[in-house]
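# A closer look at the structure
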Protein chains: 2
Amino acid sequence: MGLKRVGNQTVKLENPPSIISTASIVGPKEGEGPLKEYFDMILEDDLWGTESWEKCESKLQEETVRMALTNAALSESDMNYLFSGDLLNQIISSSYCARQLGIPYFGLYGACSTMAESLSLGAMTIDGGFAEKVACVTSSHFSSAERQFRYPLEFGNQRPFSAQWTVTGAGAAILSSSGEGPFITYVTTGKVIDPGIKDANNMGAAMAPAAVDTISNHFRDTGYNPDDYDLIITGDLGSVGKSIASDLMKEEGYDISEVFNDSGVKIFYHEEQDTHSGGSGCGCSAVVFAGYVYKELLKGSLNRVLLISTGALHSSISTQQGESIPGIAHAVTISNSIE
Amino acid sequence: MGLKRVGNQTVKLENPPSIISTASIVGPKEGEGPLKEYFDMILEDDLWGTESWEKCESKLQEETVRMALTNAALSESDMNYLFSGDLLNQIISSSYCARQLGIPYFGLYGACSTMAESLSLGAMTIDGGFAEKVACVTSSHFSSAERQFRYPLEFGNQRPFSAQWTVTGAGAAILSSSGEGPFITYVTTGKVIDPGIKDANNMGAAMAPAAVDTISNHFRDTGYNPDDYDLIITGDLGSVGKSIASDLMKEEGYDISEVFNDSGVKIFYHEEQDTHSGGSGCGCSAVVFAGYVYKELLKGSLNRVLLISTGALHSSISTQQGESIPGIAHAVTISNSIE
């Protein structure tokens, strides 16, 4: 068997796994945004009958995976592996979800890059011959994230315009060694890039250089150009980070502006919904992928998409200790044809 | 290419990756324990010239990977992927280490099961044709873990006898598609098992059923029996958890007592060093594997080892919210021969 590597950071899947189903469940605010028609379920409140936001987030993950399984007419016992992660300390949303599902479990942490990280490892696991079917899921919850990373909600702090709004939601995908597509055809794995930003209210700027590094390496590795894609969509740079990334890509020699969008920009009506620079959180990239991107691929209005989930790798301790916020970005090519 | 699955939770590697080098760096207390001769470096203090225990832990990871690379006469740029994780919120030790090394990075979280998780995914990535060489590393630090999960050290709390002592240390391994071994031949991936324990000072009991589930599934999947192994070594059950696991294995129909040991038991002189039930932390399984297990395999005094790293999947928030502590255990077979 030959090595499947192309260039420095990319692998080309030999038998591209098929994304046979997805599901997305979002909170009330996300359900009032421009993508509301794409989500499978919209919660009426952000506790969903649980006692805490953290428990709600775990339920979000679990029910989203169950919905994706139902959409594929499969059950937990058909899954060889579960790849998942979230933003909470010790990724408890994911661990408690995995406890409920009983699927052999690889816990991941890539901050908001986790959706693409889970799709990367899930696809490689199938293409490598280790699994027939895997489930990938990530989540975030505005209220559990806000009190962990920033301030208690009761404090009512003002948010600067560069701040982002953590998406409440979970997105899941079922990957299979057989299926009609869309297919995961390339995986480009990111390095940690640190532009020296120390402001946890300006994460778009912290993550943009990592997105640019991964996207430009993807082009160099694969020989693709921006116009080979119908959509290049980053995880959650928000409007501040998206603008920086677009400019930096030009410095790398690629004008992606015609096909470039960002999940954090797309998910809210920013002025009306007061979400400032845009959505963020593991759930942002996850629900925009599982909802909007996947369904447009099925319709054929998109045919080849580069999904780049972007993560800011900080903790409240690292911020207090004066560390900067490094970024990472993982990319997968999702295509209606095997290339 | 045929599917490499054997049984429900195990894969058999087709071209078993070779562990071409390891390295381990430990803190002063670990350096006074019974395994001191096996560690590559022993720190004189637990800050190592840094400003905080968290920064020391990140430096531990970075220097351990660099030492493993040096031992293999390789450099960072030879590595296709870095698989790593740790116990700290948002795995900052691993992320800051990955920033320094510049290797494409998959962040993992499996609590103290992370060393076997990283070896599992690293081995599958090579066997699947996605990489020639990968680095796997995990770490823990007594002082950064204690203040995050339990009490400030200055508080001087009493520890019950079921409590464990988080190991200060990092262990790293370099895996390669070519080499003389030892080889990773089987990977058994754990499910989350929750025995309902709510006491963060009794993690051995919380993790033992997960270890038993993974070990007994490994035997059922592979057809191996306890006497096919020279050593079956769990991550960090400690003496309390080890005794529970040994009893539960008999209920599963396997008497492993002749070849069973635990990293948390082996690493300290428990009475003299006042470490109660034993060592714990991602670093415990990592340094005992990278130090003792690997070097005894090279000597030939061990020839086939089942390494099972065990994790307790809780956070201080989940404990405060009354959740129990589920466990997980991942296993890899490490053998001097390709089977």
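None of the values given here were measured: they were computed from a predicted structure. (Residues numbered from 1 in each chain as written. Chains lettered and ligands numbered in written order. Predicted model: local features only at pLDDT ≥ 70, side-chain atom pairs only at ≥ 80, totals over all residues. Heavy atoms only, no water.)

### With respect to the overall build of chain A
For clarity, the cut-off: The way it works is that DSSP assigns letters per residue, a run of H or I at least four long becomes a helix, a run of E at least two long becomes a strand, and they are numbered from the N terminus. For this analysis, residues touch if any pair of their heavy atoms sits within 4.5 Å. Each accessible area is a Shrake-Rupley result for a 1.4 Å probe, and residues are judged covered by the shown protein chains and nothing else. Only four residue types enter the tally: Lys and Arg on the positive side, Asp and Glu on the negative side; His and the chain ends are excluded. Positions of charges follow a simple convention, taking NZ of Lys, CZ of Arg, CG of Asp or CD of Glu.
Of regular secondary structure, chain A possesses ten helices and 15 strands. A sequence separation of at least 24 residues applies to 77% of the contacts in chain A between residues at least 6 apart. Split by element, the accessible area of chain A, about 10400 Å² in all, is 46% carbon and sulfur. Taken as two groups, the 22 positive and 42 negative side-chain charges of chain A have centres that lie 2 Å from each other.

### Examining the packing of helix H3 (residues 114–127) of chain B against helix H9 (residues 282–299) of chain B
All names here are of chain B. Cut-off, in case you're wondering: With axes taken as lines fitted to C-alpha atoms, and helix axes fitted only over the stretch in contact, angles between N-to-C directions fall between 0 and 180 degrees. Roughly parallel here means an angle under 35 degrees, roughly antiparallel means over 145, roughly perpendicular means 65 to 115, and every remaining angle is called oblique.
Relative to each other, H3 and H9 sit at 60°, their axes nearing to 7 Å. Here H3 lies oblique to H9, going by the angle between them. Here Thr114, Met115 and Leu119 of H3 lie close against H9, whose contacting residues are Cys282, Ser285, Ala286 and Phe289.

### Observations regarding the relation of the copies chain A and chain B
Stated formally: In this comparison the copies share one frame, found by least squares on the C-alpha atoms of residues holding pLDDT of at least 70 in both.
In screw terms, the move from chain A to chain B is a rotation of 180° and a rise of 0.0 Å along the axis, fitting with an RMSD of 0.0 Å. On this basis, the relationship between the two copies can be described by a two-fold rotation axis. An overlap of 98% is found between the interface residues of chain A and their copies at the interface of chain B, pointing to a shared contact surface.

### A look at the interface of chain A and chain B
Just so we agree on the cut-off: Here the quantity called buried area is the total loss of accessible area, with a 1.4 Å probe, experienced by two parts when brought into contact, counted for both. In the sections that follow, a salt bridge refers to a side-chain nitrogen of Lys or Arg positioned within 4 Å of a carboxyl oxygen of Asp or Glu. We define a polar contact as two N or O atoms separated by no more than 3.5 Å, with the added condition that, inside protein, one atom must be a possible hydrogen donor and the other a possible acceptor, whereas residues neighbouring each other in sequence contribute only through side-chain atom pairs.
Listed as interface residues are 63 residues of chain A and, on the opposing side, 62 residues of chain B. Contact between chain A and chain B buries roughly 5300 Å² in total, counting both sides, with carbon and sulfur atoms accounting for 60%. For the interface between chain A and chain B, the tally reads four salt bridges. Linking Arg99 of chain A and Asp194 of chain B is a salt bridge whose minimum nitrogen-to-oxygen distance equals 2.5 Å. Along the contact surface separating chain A from chain B lie 34 residue pairs in polar contact (both at pLDDT 80 or more). For the side of chain A that touches chain B, the elements supplying multiple residues, two or more each, are helix H1 (53–71), strand E5 (81–86), helix H2 (92–101), strand E6 (105–107), helix H3 (114–127), helix H4 (142–149), helix H10 (316–320) and strand E15 (327–335) of chain A. A total of six residues in the side of chain A that touches chain B trace back to one element, the largest contributor, which is H3 of chain A.

### Let's talk about the packing of helix H5 (residues 203–222) of chain B against helix H6 (residues 238–251) of chain B
All names here are of chain B. The condition that has to hold: For any helix crossing, the convention is left-handed if the near helix is rotated counterclockwise from the far helix by under a right angle, and right-handed if that rotation is clockwise. Throughout this entry, Asp, Glu, Lys and Arg are counted as charged residues, while Ala, Val, Leu, Ile, Met, Phe, Trp, Tyr, Cys and Pro are counted as nonpolar. The remaining residues, Gly among them, count as polar.
Direction vectors running N to C along H5 and H6 enclose 40°, while the axes themselves pass 8 Å from each other. Both H5 and H6 take part in a crossing whose hand is right-handed. Side by side, H5 and H6 meet where Gly204, Ala205, Ala208, Pro209, Val212, Ile215, Ser216 and Phe219 of the first sit next to Gly241, Ile244, Ala245, Leu248 and Met249 of the second. Tallied by class, residues from the contact of H5 with H6 come to ten nonpolar, three polar and no charged.

### Some remarks on the state of the cysteines
The following threshold applies: When the sulfur atoms of two cysteines come within 2.5 Å, that pair is taken as a disulfide.
Considering all chains together, one arrives at zero disulfides over all chains under this definition. Among the cysteines around Cys136 of chain A, which has no disulfide bond, Cys97 of chain A carries the closest sulfur, lying 12 Å off. You can see Cys112 of chain B has no disulfide; the closest cysteine sulfur is in Cys282 of chain B, sitting 5.1 Å from it.

### Focus: the domain arrangement of chain A
All names here are of chain A. Under the convention used in this document: Per the annotation, domain bounds derive from an automatic or database assignment of domains.
Examined at the domain level, chain A breaks down into domain 1 (17–176) and domain 2 (183–335). Computed from C-alpha atoms alone, the centre-to-centre distance between domain 1 and domain 2 is 18 Å. Between domain 1 and domain 2, the residue contacts involve 55 residues of the former and 54 residues of the latter. The contact between domain 1 and domain 2 buries some 4300 Å² in all, and 65% of this surface belongs to carbon and sulfur atoms. Contact with domain 2 buries surface across domain 1, with Tyr38, Cys112 and Gln164 losing the most and accounting together for 17% of the total. Remark: the boundary between domain 1 and domain 2 carries one salt bridge. Measuring nitrogen to oxygen at the nearest pair gives 3.0 Å for the salt bridge that ties Lys295 to Asp40.

### Description of the environment of Pro209 of chain A
Residue and element names in this part refer to chain A. You can see Pro209 is positioned in helix H5 (residues 203–222). Separated by 120 residues in sequence, Pro209 and Ala329 place their C-alpha atoms 9.0 Å apart. Residue contacts for Pro209: discarding those within four places in its chain leaves Ile193, Pro195 and Leu248.

### What to know about the side chain of Glu54 of chain A
Put simply, the rule is: Here the term buried applies to any residue with accessible area under 20% of the maximum for its type, exposed to any over 50%, and partly exposed to those in between, with areas from a 1.4 Å probe on protein chains only.
Relative to the helices and strands, Glu54 of chain A resides in helix H1. Residue Glu54 of chain A is classed as buried on the basis of its relative accessible area of 6%. Apart from residues no more than four positions distant in its own chain, Glu54 of chain A is found in contact with Leu88, Ser93, Ser144 and Arg147 of chain A together with Ile317 and Gln321 of chain B.

### Things to note about the packing of aromatic side chains
Centre-to-centre distance and the angle between the planes together describe a pair of aromatic rings. All names here are of chain A. Stated precisely, the cut-off is as follows: For Phe, Tyr and Trp, rings pair up if their centres lie within 6.5 Å, where Trp contributes its six-membered ring, and each pair is then called stacked (planes under 30 degrees apart), edge-to-face (over 60) or tilted (otherwise). Charge over a ring is defined by NZ of Lys or CZ of Arg lying within 6 Å of the ring centre and within 35 degrees of the ring normal.
Under the criterion given, the structure shown has 18 aromatic pairs over all chains. For the pair Phe83 and Phe106, a centre-to-centre distance of 5.4 Å together with 25° between the ring planes defines the contact as stacked. Of the two residues, Phe83 is situated in strand E5 and Phe106 in strand E6; the sequence distance between them amounts to 23 residues. The pair Phe83 / Phe106 is uniform in exposure class, with both members buried. Between Lys29 and the ring centre of Trp165, over which it is positioned, the NZ or CZ distance is 4.1 Å. Above the ring of Phe260, the side-chain terminus of Lys242 is found at 5.5 Å from the ring centroid.

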